[in-house]
Amino acid sequence: MTTQNNPTRRKALGAGAAALGAAGGALMAAPALAQNVTRLKIQTAVPSSSIYFDLLKRFAERVDRMSAGRLKFEMLSDGAVVAAFEIVDAVDKGVVDGGYAWTHYWSGKNTAAGLYSNPAAGGGTGMDQLSHVAWLFQGGGYALYKKFYAEGLKLNIEPFMVQPMGPDPLGWFKAPIKSLEDMRKLKYRAPPGLVGEIFKEMGINAVAMPGGEIVPAAQRGVLDAAEWIGPADDMALGFHNVFKHYYLQGLHQSTDVGELLINKTAWNKLSAELKAIVEDAAMAMMTDTYTYNVFRNAQALQKLQTEHKVQVHDTPRDIFPAFIKATNTIYDREASKNPFFKEALDSQRAFAKLVVPYWNKINGLYYNLGMDSPNAAK
C-alpha cells in the first residue's frame, strides 16, 4: 500500500496543509494587527512616586484590557517631556498625545478654569467633593467643562474629569499656627490661579510651584508652609522630612478633581468603540480614586503620626469665615468681567442651593456617627 493511494493518508496531508496555511495566514496577519495598536503618550503633572500616578497606570491597564490590547496609554511622570504648567499647550499642539493635571493650572489663560477642578470653599457655595462631582455629572457641569475647553480656551483638546482627590489639607507648617494672623507671617506654597489670589486677599503671602519643587524649596528656607494633595501623596514626596505640623482641613481645595486631556486630533482618530472604552475607564477611575484615597490616606496619616512624629492639628477656626469671604469677593469680581466664569459659577450656585441643604444633613449623620464610634480620635 502506497501513501499516494491511501485515502486516510491523503486526508491527513490535506489537513496538515490547511493547518499550515492557516498558520501562515495568522503570521501574515500579525503585522497588520500590530499596526492597529494605538499608543498614546500622556504627560502627567505628578511624580512617579505619587499615588495618583499609580492610579493613572491602573487606568492605562484597564483601557488595555478593555480594548484587548488595541489602545495603550503610556504615563510619563512630571517633567518627562514638558514642565507641569506647559502640559495643556503641549497637548494642544500634539507635542504629547495627552496630559494629566488640574484645570486650575490653566487659570492664566482663563480664570474660569479653577471652577472645574477645584472651586475654592466649594465655590463659596458649601459644596463638598462629592456634591461637586454630582454637579459635573448631574447638574450640567460636564457640558460647561467641555464648552470651556472648546470655546473659552479654544484648544484642540478632549477633556475628561478622572480623579476626585479632595479635600486637600491646608498643609504643612514648620511651626504650629493658632490663627489667621499667624499664617499671614509665613511664606506659603498655594495652588496657582484664583486660589492664590484668595490667599492674598486674606493677607497671606502665597506662591505657586510644581509639586516636585516644594520640599527642596522648604529645605532651602524659601517656604515656611506648603500644601500639596493629601497624606499619602505628601508622604511620598517627603513633606514630613521638612515639616512636622500638619493641618488637615483646607478650604482652598475642599474639592479637587484631576483631569485627563487628549489631543482632539488623536481622539478623533479613535473608533467609536475605543472612545467608549476611554470614557468608561475614566468613569471607573472616579470610583477607583475615591476608594484609594480613603484607604491610602488613612494608612499614611497613621504612619506619619506614629513613625515620623508628625503632629496633626485642626485648622484655626478664624480662617474659615475669612476664606469664604475672600472667595466670594474674588469670585464675584471675576464673574463681573468673565462670561465663562459667570456661567459656571451661576450653575454651581443654583445646583448648590438645591443640593447642599440635603447633603449637609447627610454628612452630619456621618460626622456624628464617626465621633460617637469607638474609633473616634481622642
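Quick note: structure is the one above.
How would you explain the nonpolar core if you had to name every residue and give the values?
Side chains of nonpolar character tend, in soluble globular proteins, to be buried together. Ranked by internal contacts, the top residues of the largest apolar core, which has 114 residues, are Phe 59, Phe 73, Trp 102, Tyr 149 and Phe 199. The element best represented in this core is helix α12 (residues 272–306), accounting for 10 residues.

Would you mind going over the pairing of strand β1 (residues 38–44) in detail, with residue names and values included?
Pairing geometry for β1 and strand β2 (residues 71–76), over six bridges, is parallel. Within β2, the residue paired with Thr 38 across the bridge is Leu 71. As a crossover connection, the stretch from β1 through helix α2 (residues 51–66) into β2 is right-handed.

So, the side chain of Thr 103: which residues are in play, and what are the values?
Counting through the fold element by element, Thr 103 comes out in the loop between β3 (98–102) and α4 (114–117). Using a relative accessible area of 0% as the deciding quantity, one classes Thr 103 as buried. Aside from chain neighbours lying at most four places away, what touches Thr 103 is Ala 113, Tyr 116, Ser 117, Tyr 145, Phe 148, Tyr 149, Met 161 and Glu 259.

If you had to explain the sheet that holds β2 to someone new, which residues and values would you point to?
To summarise the sheet geometry, strands pair through backbone hydrogen bonds and adopt either a parallel or an antiparallel arrangement. Taken together, five strands build an open sheet; the order of strands is β2-β1-β3-β10-β4 and the sheet is mixed. At either margin of the open sheet sits one strand with a lone partner, and together these are β2 and β4 (157–164). The sheet shows a mean angle of 25 degrees between the axes of neighbouring strands, direction not considered. Set on the sheet, α12 makes contact with β2, β4 and β10 (257–263); between it and β4 the angle comes to about 25 degrees.

So what about helix α13 (residues 319–337)? Which residues, and what values?
If you check α13, its first and last C-alpha atoms are 28 Å apart, about what 19 residues at 1.5 Å a residue would give, namely 27 Å. The set of residues buried in α13 consists of Ile 319, Phe 323, Ala 326, Thr 327, Ile 330, Tyr 331, Glu 334 and Ala 335. For α13, the arc enclosing every buried residue in end-on projection is 160 degrees, short of the 170-degree limit, so these residues lie on one face. Away from its buried face by more than 90 degrees, α13 exposes Pro 321, Lys 325 and Ser 336. Packing partners of the buried residues in α13 comprise α4, α7 (180–183), α8 (194–201) and α14 (339–371).

Describe the sheet that holds strand β8 (residues 225–226), naming the residues involved and giving the relevant values.
Read from one edge of the open sheet, six strands run β7-β6-β8-β5-β9-β11, paired in mixed fashion. Only two strands of the sheet have a single neighbouring strand rather than two, namely β7 (205–207) and β11 (311–313).

I'd like a rundown of the packing of aromatic side chains, residues and numbers included.
For any pair of aromatic rings, the description consists of the separation of the ring centres together with the inter-plane angle of the planes. By the definition in use, this model includes 24 aromatic pairs. Ring centres 5.1 Å apart and planes at 75 degrees place the aromatic pair Phe 173 and Tyr 247 in the edge-to-face group. You can see Phe 173 sitting in strand β5 (residues 171–173) and its partner Tyr 247 sitting in strand β9 (residues 245–247), a full 74 residues away along the chain. In terms of burial, Phe 173 and Tyr 247 fall into one category: buried. Three or more aromatic residues link up through ring pairs in this structure, and these residues are Tyr 116, Trp 135, Phe 137, Tyr 142, Tyr 145, Phe 148, Tyr 149 and Phe 340. Over the ring of Phe 160 we find Lys 146; its NZ or CZ atom is 4.9 Å from the centre of that ring. Sitting over the ring of Phe 320, Arg 317 keeps its end group 4.7 Å from the ring centre.

Could you give an account of the side chain of Gln 253, naming the residues involved and the relevant values?
Considering the arrangement of structural elements, one finds Gln 253 in the loop between β9 and β10. Gln 253 gets classed as buried once you look at its relative accessible area, which sits at 3%. When near neighbours in sequence (up to four residues on either side) are disregarded, Gln 253 contacts His 104, Asn 118, Gly 166, Pro 167, Asp 168, Pro 191, Glu 227 and Trp 228.

Explain helix α9 (residues 211–219) to me, using residue names and the numbers behind them.
Looking at α9, one finds that the buried residues are Gly 211, Ile 214, Val 215, Ala 217 and Ala 218. Projected down its long axis, α9 carries its buried residues within an arc of 165 degrees, all on one side. In this structure, the buried residues of α9 make contact with β6 (187–189) and β8. Following α9 by one or two positions, Gly 221 adopts a phi angle in the positive range, close to 85 degrees.

Criteria and cut-off values
Residues numbered from 1 in each chain as written. Predicted model: local features only at pLDDT ≥ 70, side-chain atom pairs only at ≥ 80, totals over all residues. Heavy atoms only, no water. Core = buried A, V, L, I, M, F, W, Y, C linked by side-chain atoms within 4.5 Å. Buried < 20%, exposed > 50% of the residue type's maximum accessible area, 1.4 Å probe, protein only. Helix = DSSP H or I, 4+ residues; strand = E, 2+ residues; numbered from the N terminus. Pairing = 2+ DSSP bridges. Right-handed = clockwise from strand over helix to strand, strands pointing away. Contact = heavy atoms within 4.5 Å. Axes fitted to C-alpha atoms, helices over the stretch in contact; angles between N-to-C directions. Expected span 1.5 Å × (residues − 1). Arc of directions from axis to C-beta. Phe/Tyr/Trp six-rings, centres within 6.5 Å; stacked < 30°, edge-to-face > 60°. Lys NZ or Arg CZ within 6 Å of the ring centre and 35° of its normal.

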